[in-house]
Each structure stands twice: as C-alpha cells, then as structure tokens.
Amino acid sequence: MPAMTKTAEPILEVTGLVKHYPLTQGILFKKQVGAVRAVDGVDFALGAGETLGIVGESGCGKSTVAKMLVNLEKPTAGTIKYKGEDITKMSGRALKAVRRNIQMVFQDPYTSLNPRMTVGDIIGEPYEIHPEVAPKGDRRQKVQDLLDVVGLNPEYINRYPHQFSGGQRQRIGIARGLALRPEIIVADEPVSALDVSVQAQVINLLDRLQSEFDLSYVFIAHDLSIVRHISDRVGVMYLGRIVEIGRDAEIYDHPTHPYTQALLSAVPVPDPEAREHRERIILTGDVPSPANPPSGCRFRTRCWKAQERCELEVPLLAVPAEFRLTTDPTAHDSACHFAEEKHVVPTDDLDDGVK
Ligand SMILES: Nc1ncnc2c1ncn2[C@@H]1O[C@H](COP(=O)(O)OP(=O)(O)OP(=O)(O)O)[C@@H](O)[C@H]1O
Ligand SMILES: [Mg+2]
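Residues numbered from 1 in each chain as written. Chains lettered and ligands numbered in written order. Predicted model: local features only at pLDDT ≥ 70, side-chain atom pairs only at ≥ 80, totals over all residues. Heavy atoms only, no water.

Caption draft 1: Expanded view of the side chain of K62. Tracing the backbone shows K62 in helix 1 (residues 62-69). In this structure the side chain of K62 is engaged in a polar contact, spanning 2.9 Å, whose partner is the backbone oxygen of G56. Within the structure, K62 has its side chain in polar contact with the backbone oxygen of E57 (distance 3.1 Å). Excluding anything up to four places from it in sequence, K62 contacts I54, V55, G56, E57, E189, I220, A221, H222 and M237. (Helix = DSSP H or I, 4+ residues; strand = E, 2+ residues; numbered from the N terminus. Polar contact = N/O pair within 3.5 Å; in protein donor to acceptor, adjacent residues only side chain to side chain. Contact = heavy atoms within 4.5 Å.)

What follows is the structure, encoded as structure tokens:
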C-alpha cells in the first residue's frame, strides 16, 4: 500500500469537535441533569477546491457541525482551523474576517428567507455587516450580478420570496451565500426541501459555482445518493461521530462500515440487474438518543456484526486527522472493530517523513 502523504495544506481542519447541549430540569432553579451529545468527537480536513460530503440520518449532528463551522454555535471542545488558525479562539476583527470567508447555505429556502424583505435586500444583507466588500452605491449592481450568476433574472431584484418557487428561493439563498465572495460554503441539506426534479438543477448550479469562484464545499445530506456526484470525499456520521470517511468512489464501491453498507443498500438502484444482486440490509431498532448513547461502538445496538468487544471498546478511525486529506484513491478509514478490508495505513508508516 502506498505511504500516505499530506498532499496539500487543508483550508479547514477540524479536530476533536464536540458540542454538548445541557439537559436541564426544573423551572425556577434549573439543574443540569445530563447532556445531548449532538457532536461527540469529529475530525476531518477540507482541501482547497474540494467537496466533502457529510451524510447521516436525522439527528446525527450534521447541522450542529455546520453551525460550528460558520460560528453560529460555539463548540464545547475541539478546534476548527481555517488556513492553520483556530477560529474557535478568535474574536473581534479577526473573527469577522474569517466569517466572511466561510458562508452557509441553509436547508429550507422557505423559512430561511425573510418574507418581508425584497430579494435585493436579502442578498445584499451581508453587505450591512461587511460594508467594505461593497460600498452602498455599488450594492444594487452587485446584487443584480449575483442574481444573474445563480440563473435568476436580475430584474427580479424588487420581488419578495413568496413570488418564487422552491428552487428559485434556494438560488436566492445561494446568491446570499456568495455575496461576500467566500472561499468555503457549508451547504446544509441545500436540496432536501426541493422537488426531486429541481434537486439536480440546484446541485449542477453549485457544481458550476464551485469552479467559477474557486469554492470549497462542505455538503451535507441525509442521503448518500445526493452527495455522490458532487463530492470528492464523503464522511458518514452516526450519533455525533464520523464512522467512515474516504474518497467517494471508495465509499460507494467498497463501504467497510456496517452502517455505511446499510445506508447504501437503501439507495435506489436504477439498473434492475444490479438491484437483483444487491443485498438489502434492513436496520432494526431506532437511532439511540444522543443524550444516552450506547457504550463502546454507538452503532452496536443496530449492528448485525456486534460482539462483546463492541460494547466495551470504542472503535476509532485509525488515521489521525492531519493525514485524512490525501489524494490517494484508496485512502479510506472506518471506525469499526470488524470493518471489511479496512484500507488504512498502519500508524507506523505515518511517521516516515510526512510530518
Ligand atoms: N439547541 C439545541 N438544544 C438541544 N439539543 C439540540 C439543539 N440543537 C440540536 N440538538 C440535538 O442535537 C442532535 C443533533 O442535531 P442536528 O440538528 O445537528 O442533527 P442533524 O443531523 O442535522 O439532523 P437532521 O437531518 O434532522 O437535520 C439532535 O438530537 C438534536 O435534537
Ligand atoms: Mg440538520
């Protein structure tokens, strides 16, 4: 197996990211009785110009990760490095400058756009916080250019969100995300609320914008089929953790974690012959509560491979976070004691001239 080398300096490096929400009891005297472990130790790196897909079922912590990346939530622990600097420790002007470069596109274009604002005001709103990007006199033109870039008629600038379809509203949300010319866009299920027929159009738009504006994407979805065409690498989340991460072809063609195998088996396959040969894995039981996750492997309560070891020992991703950004097409990591043919590099190799 080729030695894993660090190819490019990642634009974003996330290590040990944790978000616990306190669970309280009592009305007058609130007492903390526990915590919702929404995100519980997530590591990944994002390369410049790369798209990292993050998938997982509802409640596994995807949006919480997204919110921490754009500073809408403060992590309980962990670091988020943007070009080598930890943004969780920044404040004031430095933080403002970084926030400009990391923008979010939200899931629901129906609730994320203020219905009382015109499209022009919605898209131009980020300029109120960052007037240096567009002086007042230039803003109308900039907003019209953005409408054009996302495939909407610039003359619609004075219309209101209700005058647009779902797909068009998401284009407005994307235009707003682009207003400050960010380097990174965190797209939290940007097409989940849209009709299937419109989803592909919005994904194609994001794809085109990526090359036009040199963007790096964190693209969140609950379904593996949605991120397939746009992602370079995919991370699969379960109950607050990444359980498998790798190049997208590796994840789709050789999933090694039982959870990924189950998720993939639920993805519709158009080819009837392939469909026939495929093993359908039906997961039993519900996702446990993140307030009380199972010991050891969090997936063990629904896993057909689970043994005693899974209850006692937490399976970890084998490759340290700083090496997960690699162009090696076999680079692939899975947090399972019984993962099938794990494509990981022995940790001894990692010390050889790569750091
Ligand atoms: N502000 C909050 N206070 C308490 N718990 C929260 C808060 N926000 C999220 N959670 C909990 O944290 C867990 C992860 O939530 P999150 O929204 O990140 O999941 P998700 O993967 O984005 O799910 P979905 O696919 O439904 O969007 C859930 O159990 C959720 O109920
Ligand atoms: Mg979410």
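There is more to say, and it comes next.
Caption draft 2: Molecular detail of the sheet that holds strand 5 (residues 85-86). Spatial strand order, 2-1-4-5: four strands in an open sheet with antiparallel pairing. Of all strands in the sheet, those with a lone pairing partner are strand 2 (31-46) and strand 5, marking the two edges. As defined by bridge partners, strand 1 (residues 12-25) adjoins strand 2 across twelve bridges and the pair is classed as antiparallel. Within strand 2, the residue paired with L23 across the bridge is G34. Strand contacts of helix 1: strand 1, strand 2 and strand 4 (77-82), with the helix running at about 115° to strand 1, the strand carrying the most contacts. (Pairing = 2+ DSSP bridges. Axes fitted to C-alpha atoms, helices over the stretch in contact; angles between N-to-C directions.)

Caption draft 3: Region of interest: the packing of helix 6 (residues 166-178) against helix 7 (residues 196-212). At a minimum axis separation of 10 Å, helix 6 and helix 7 run at an interaxial angle of 20°. By the angle between their axes, helix 6 is roughly parallel relative to helix 7. The interaxial crossing formed by helix 6 with helix 7 has right-handed handedness. Of the residues in helix 7, those touching helix 6 at G167, Q170, R171, I174 and L178 are V198, Q201, V202, L205, L206 and L209. Looking at the contact of helix 6 with helix 7 residue by residue, the class counts come to seven nonpolar, three polar and one charged. (Parallel < 35°, antiparallel > 145°, perpendicular 65-115°, else oblique. Left-handed = near helix turned anticlockwise from the far one by under 90°. Nonpolar A, V, L, I, M, F, W, Y, C, P; charged D, E, K, R; others polar.)

Caption draft 4: Summary view of the sheet that holds strand 6 (residues 102-105). With mixed pairing, seven strands are arranged side by side in an open sheet as 6-7-8-3-9-10-11. Sheet topology places strand 6 and strand 11 (332-334) at the edges, where each strand pairs with a single neighbour. Strand after strand, the sheet turns through a mean of 20° between neighbouring axes, direction not considered. Both strand 3 (residues 51-55) and strand 8 (residues 216-221) contribute to a ladder of five bridges, which runs parallel. In the strand pairing of strand 8, V55 is matched with A221.

Caption draft 5: Just the pairing of strand 9 (residues 233-238), in detail. Most of strand 9 sits inside the fold, with six of its six residues counted as buried. With four bridges joining them, strand 3 and strand 9 adopt parallel strand pairing. Pairing of I54 across the sheet is with G235, part of strand 9. Both strand 9 and strand 10 (residues 241-247) contribute to a ladder of six bridges, which runs antiparallel. Paired with G235 across the strands is I245, a residue of strand 10. In sequence, strand 9 turns back onto strand 10 through a hairpin of two residues, with L239 there showing a positive phi of about 45°. (Buried < 20%, exposed > 50% of the residue type's maximum accessible area, 1.4 Å probe, protein only.)

Caption draft 6: Representation of the confidence of the model for the protein. Across the protein, the average pLDDT comes to 87, with 87% of residues at 70 or higher. Confidence over residues 1-6 falls short of pLDDT 50; this stretch has 17 contacts with residues more than four positions distant or in other chains. In the model, residues 343-355 has pLDDT below 50 throughout and makes 24 contacts with residues more than four positions away in sequence or in other chains. (pLDDT = per-residue confidence, 0-100.)

Caption draft 7: Structural context of helix 1. Most of helix 1 sits inside the fold, with six of its eight residues counted as buried. For helix 1, the set of buried residues is K62, T64, V65, A66, M68 and L69. Phi turns positive one or two residues past the end of helix 1, at N71, with a value near 65°.

Caption draft 8: Examining the packing of aromatic side chains more closely. Under the defined criterion, the tally for this structure stands at four aromatic pairs. With 5.0 Å between their ring centres and 85° between their planes, Y238 and F299 make a pair best called edge-to-face. Of this pair, Y238 sits in strand 9 while F299 is found in the loop between helix 11 (272-277) and helix 12 (308-312), placing the two residues 61 residues apart along the sequence. Each member of the pair, Y238 as well as F299, is classed as buried. Clustering of aromatic rings is evident, with ring pairs tying together Y238, Y259 and F299. Its end group placed over the ring of Y252, R228 keeps NZ or CZ at 4.2 Å from the ring centre. (Phe/Tyr/Trp six-rings, centres within 6.5 Å; stacked < 30°, edge-to-face > 60°. Lys NZ or Arg CZ within 6 Å of the ring centre and 35° of its normal.)

Caption draft 9: Structural detail: the environment of K62. Given a relative accessible area of 5%, K62 falls into the buried group. Distance in space between the C-alpha atoms of K62 and G240 is 7.9 Å, their sequence separation being 178 residues.

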